[in-house]
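Each chain is listed here by its residues.
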Amino acid sequence: MKRFLGVWVIWFVLLLIGFMLFGNYLLNNFYAILLAVSLLLAIFTCVLVSQSDAIEALEKRIDALEDKSSSDSIEKE
């Protein structure tokens, strides 16, 4: 929960600063809004893809360890 609140506060502050600096331009320009939203979505997507890759690598390691563990237990019998 602390991590979520920390991330939320960071996003809130960054968006507040961005709105203060570029709010008038963003509200008057559709393409600027499109660029900002697409940037946020791209960051979100990249994070999810990198997590997916890490999860797949961990699943492969777990499978290898389970295979090794099962072969070791068979050899002991």
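In this report, we go over the structure that sits alongside the text. These numbers come from a predicted model, not from an experiment.

Tallying secondary structure elements over the chain gives two helices and zero strands in all. For the chain, the residues scored as buried account for 4% of the 77 residues in total. Here the chain displays about 7,300 Å² of accessible surface, and carbon together with sulfur accounts for 71% of that area.

Let us now look at a nonpolar patch on the surface. Judged by side-chain polarity, Trp 8, Val 9, Phe 12, Val 13, Leu 16, Ile 17, Met 20, Leu 21, Phe 22 and Tyr 25 come together as a nonpolar surface patch covering roughly 1,100 Å² of accessible area. Mapped onto the elements, Tyr 25 comes out in helix H1 (residues 2-28).

About the thresholds
Residues numbered from 1 in each chain as written. Predicted model: local features only at pLDDT ≥ 70, side-chain atom pairs only at ≥ 80, totals over all residues. Heavy atoms only, no water. Helix = DSSP H or I, 4+ residues; strand = E, 2+ residues; numbered from the N terminus. Buried < 20%, exposed > 50% of the residue type's maximum accessible area, 1.4 Å probe, protein only. Areas by Shrake-Rupley, 256 points an atom, 1.4 Å probe, with all protein chains shown as cover. Patch = residues over 30% accessible without salt bridge, like charges linked within 9 Å, V, L, I, M, F, W, Y side chains within 5 Å. Salt bridge = Lys/Arg side-chain N within 4 Å of Asp/Glu carboxyl O.

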